[in-house]
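Coordinate inspection notes
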Amino acid sequence: MGIENSLVYIPLLLTIIADIVLLILFIILKVRRVYVSVFQLLSLCAAFIGTFFSIRASNVFFLSLTLFVQNFLLIPYCLVFLFDNGTTQHRKNNAKERDEHKYTFFKHGNKESAPVADIRFAQAGKEIMELSVEAISANAGIPHLLDRINDLIMQITEADGGAILLVDEFEDLVSVRSLAGNFPPPFQLPSSLPHQEPAVKTHFRNAEFPFEKNIFGHIVKTGTKELILAPKNDSRIFQNGPEDFLQASSYMFVPMKLRDTVIGIIALARKKNNEKFSPEALSSLQILADFTGVAVKNLYSFQEISEHTEITRETYIAGMLQDMLYLKKLPLLPTLSTGSYFKSMQGICSDYLDIIPLRKDRISFILADVTGKSMVSLTIMIMIRAIIRVIINTPQTAATVLNWTNRGIAQEKAVDHYASAALINYDSVHKKMQFATAGTIPVLHFSAKEQIWKKLSKESDPIGVGKVTEYTDIDIQLETGDIIVVYTDGLVEAVDDTGTQYSVRRLKDIIQNKADLDGKKIIESVKADIGEFMGKSVSHDDQSLLVLKIQ
């Protein structure tokens, strides 16, 4: 039978459009992991295909077949929900019952069988572990985690006030890290502190306690839990006044332990007129404290790993930037044979070498040793390099350049690290050298004519110590064959397997024995000698050496 009324095509076309829209929505819901039944999808596809062919063939048969298939597919879908309804309702009822009784094992007068209580403890412990995971995921700190755990334990135990304290890692102190609710201080308040609840709570929240003469220190030292049912009769609990918020009906103190080591305390209190804690509650709280100790340890471990990862990343970046700054290929210079040696230690990033050939009568060499490590020392290094490179092309002397550099570094209030440096200006036309030093960088001169060593530099304040420091120029006339040596302390303080230092004496001897070689080959000899000397021992500082041989 054909479709004779053309108006019928309008709702059929709208049906096709609606089917397409529904199909797209179902796909989106599937991508977002929203449940969509396969019967719904099949029913939709049948409606779309049947309507399409009904329009194309102008035949009511296809439309009738479409309606039959669509209804047939929806029958199993309804049957599934019909028979699953009882099971689903049963699951909901069980879940509701669990929520209602989730934390009932501390309720007044309520005693549960051991298996049921064990389940409740498992649930509470699981929630404490989940709080730890959430704190790790959110990169939250210990105070945030302890506040969440404190609120949870107070809810479970029906306590009016709760405090969590942690033992200081380096001192014999235990400090409050979380405080919630109404917790009457069990210690003596300062006489100058007004007996007002906000003031008392603020003082308590920031309190630290030694391991002597207070209940918190007693718990840490003994590692035992305490249930105090008569605070007024217990000498360890100080009575601060008659105000209701300063009095409690009972206290519980339990240590948090990891491998028999006390890392903190959980303390709970109930108000003056409220029911006292029970011995069963004390034992149960110890279990929750053990869960809390594990949660705290987990967060501490994560923070340590994160800090180590961040330090490693910063160290890698700092080392890479230092390597970029350090001169790898020395330029060819008239009347001068140069050689340099540099060995960086991971995480140090202290040495810096630069050569600036401005013109024949002024070739500048800078060797610096910055205090500190990694990104801190790299920052100072970059600042010194930038300042010197800006002003070195002026007619100022070496000492003046260092003076200006020092003022630029010293005026930075955020900078509390310093640098030793040697700045050498060499005149290749007249074989003259002018230099200035800051700190302890030595400048040695080997006279080819006299075959003797002289230390030309004098120690002074490092760069960055004070803005008023003034450095001094030293001028020297050099001759062919003379050698200038500049090095950082990491080179001569390198040790062998027995702990013996390489020494300045040994450095001088190897250079003097190879004095007939050019600067590059002298460096190669020193490098081989220090490698043989150190053997398998590891250096703990950057090593730098600059050799200038006059030709």
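The coordinates are above.
Anyway, here's the lowdown on the structure attached to this text. (Residues numbered from 1 in each chain as written. Predicted model: local features only at pLDDT ≥ 70, side-chain atom pairs only at ≥ 80, totals over all residues. Heavy atoms only, no water.)

All right, on to the side chain of Gln286 then. Tracing the backbone shows Gln286 in helix H8 (residues 279-325). Note on Gln286: relative accessible area 14%, which makes it buried. Each residue touching Gln286, except ones within four places of it in the same chain, is listed here: Lys225, Val254 and Pro255. (Helix = DSSP H or I, 4+ residues; strand = E, 2+ residues; numbered from the N terminus. Buried < 20%, exposed > 50% of the residue type's maximum accessible area, 1.4 Å probe, protein only. Contact = heavy atoms within 4.5 Å.)

The next subject is a nonpolar patch on the surface. A contiguous nonpolar surface patch, about 240 Å² in accessible area, is contributed by Ile20, Ile24 and Ile28. Structurally, Ile28 is set in helix H1 (residues 9-31). (Patch = residues over 30% accessible without salt bridge, like charges linked within 9 Å, V, L, I, M, F, W, Y side chains within 5 Å. Areas by Shrake-Rupley, 256 points an atom, 1.4 Å probe, with all protein chains shown as cover. Salt bridge = Lys/Arg side-chain N within 4 Å of Asp/Glu carboxyl O.)

So, on to the packing of aromatic side chains. For the structure shown, the criterion picks out ten aromatic pairs. Ring geometry for Phe209 against Phe216: centres 4.8 Å apart, planes inclined by 40 degrees, an arrangement best described as tilted. Note on Phe209: relative accessible area 6%, which makes it buried. The exposure class of Phe216 is buried, given its relative accessible area of 0%. Aromatic ring contacts, followed pair by pair, group Phe183, Phe187, Phe204, Phe209, Phe216, Tyr251 and Phe253 into a single cluster. (Phe/Tyr/Trp six-rings, centres within 6.5 Å; stacked < 30°, edge-to-face > 60°.)

Our next topic: the environment of Asn403. Within the secondary structure layout, Asn403 lies in helix H10 (residues 398-410). When the C-alpha atoms of Asn403 and Thr472 are compared, they prove to be 9.2 Å apart, with 69 residues separating the residues in sequence. Non-local contacts of Asn403, meaning those with residues more than four positions away in its chain, are made with Thr469, Glu470 and Tyr471.

All right, on to the sheet that holds strand S15 (residues 483-487) then. Strand order in this open sheet of five strands is S7-S16-S15-S12-S13, and the pairing throughout is antiparallel. The open sheet has two free edges, formed respectively by strand S7 (336-343) and strand S13 (452-455), since each of these has just one partner strand. Averaged over all adjacent pairs, the angle separating strand axes in this sheet is 15 degrees, with direction ignored. Pairing of strand S12 (residues 443-447) with S13 involves four bridges; the strand directions are antiparallel. Residue pairing for S13: Leu444 is matched across the bridge by Lys455. Sitting on the sheet, helix H13 (residues 519-534) is in contact with S7, S15 and strand S16 (543-550), with an inclination near 25 degrees to S7. (Pairing = 2+ DSSP bridges. Axes fitted to C-alpha atoms, helices over the stretch in contact; angles between N-to-C directions.)

Turning to the pattern of salt bridges, a few remarks are in order. Enumeration over the complete set of coordinates arrives at eight salt bridges. Across the pair Glu212 and Lys221 runs a salt bridge whose closest N-O atoms are separated by 2.7 Å. Among the residues examined, Glu212 registers a relative accessible area of 48% and is labelled partly exposed. For the salt bridge of Asp529 with Arg506, the shortest nitrogen-to-oxygen distance reads 3.0 Å.

Quick look at helix H7 (residues 215-222) now. Where H7 is concerned, the buried positions are Ile215, Phe216, Gly217, Ile219 and Val220. The distance from a side-chain oxygen at the start of H7 to the backbone nitrogen of Phe216 is 3.1 Å, and the residue carrying that oxygen is Asn214. Following H7 by one or two positions, Gly223 adopts a phi angle in the positive range, close to 70 degrees. (Polar contact = N/O pair within 3.5 Å; in protein donor to acceptor, adjacent residues only side chain to side chain.)

What follows deals with helix H5 (residues 142-157). With 16 residues, H5 ought to run about 22 Å at 1.5 Å a step, and its terminal C-alpha atoms sit 22 Å apart, in line with that. Regarding H5, the residues found buried are Ile142, Leu145, Leu146, Ile149, Asn150, Leu152, Ile153, Met154, Ile156 and Thr157. Where H5 terminates, the next one or two residues include Glu158, which has phi positive at roughly 55 degrees. (Expected span 1.5 Å × (residues − 1).)

Let us look at the pairing of strand S10 (residues 419-427). Burial within S10 is extensive, with nine of its nine residues counted as buried. Because side chains alternate across S10, one face comprises the buried residues Ala419, Ala421, Leu423, Asn425 and Asp427, and the other comprises Ser420, Ala422, Ile424 and Tyr426, equally buried. When strand S9 (residues 362-370) meets S10, the two strands line up antiparallel, connected through eight bridges. From the neighbouring strand, Phe365 faces S10, where its bridge partner is Ile424.

Contact geometry for helix H12 (residues 504-513) and H13: axes closest at 9 Å, N-to-C directions at 140 degrees. The orientation of H12 with respect to H13, classified from their angle, is oblique. Of the two elements, H12 crosses H13, and the hand of that crossing is right-handed. In contact with Arg506, Leu507, Ile510 and Ile511 of H12, H13 contributes Ile522, Ser525, Val526, Asp529 and Phe533. (Parallel < 35°, antiparallel > 145°, perpendicular 65-115°, else oblique. Left-handed = near helix turned anticlockwise from the far one by under 90°.)

Moving on, we get to a negative patch on the surface. A cluster of like negative charges, contributed by Asp168, Glu169, Glu171, Asp172, Glu208 and Glu304, occupies part of the molecular surface. Turning to its location among the elements, Glu304 is positioned in helix H8. Residue Glu304 is classed as exposed on the basis of its relative accessible area, which comes to 51%. (Lys, Arg positive; Asp, Glu negative; His and termini not counted. Charge placed at Lys NZ, Arg CZ, Asp CG, Glu CD.)

Our next topic: the sheet that holds strand S6 (residues 261-271). Taken in spatial order, the six strands line up as S3-S2-S1-S6-S5-S4 in an open sheet, and their pairing is antiparallel. Each edge of the open sheet is held by one strand with a lone partner, namely strand S3 (208-210) and strand S4 (226-228). Here the average twist between neighbouring strands, direction ignored, is 20 degrees. Of the strand pairs in this sheet, strand S1 (residues 161-167) and S6 are connected by six bridges, and their pairing is antiparallel. In the strand pairing of S6, Gly161 is matched with Ala269. Most of the contacts of helix H6 (residues 197-205) go to strand S2 (residues 173-181), to which it runs at about 140 degrees, and overall it touches S1, S2 and S3.

Another point: unusual backbone geometry. Positive phi, normally seen in glycine, also occurs at Lys213, with a value near 60 degrees. The topology assignment puts Lys213 in the loop between S3 and H7.

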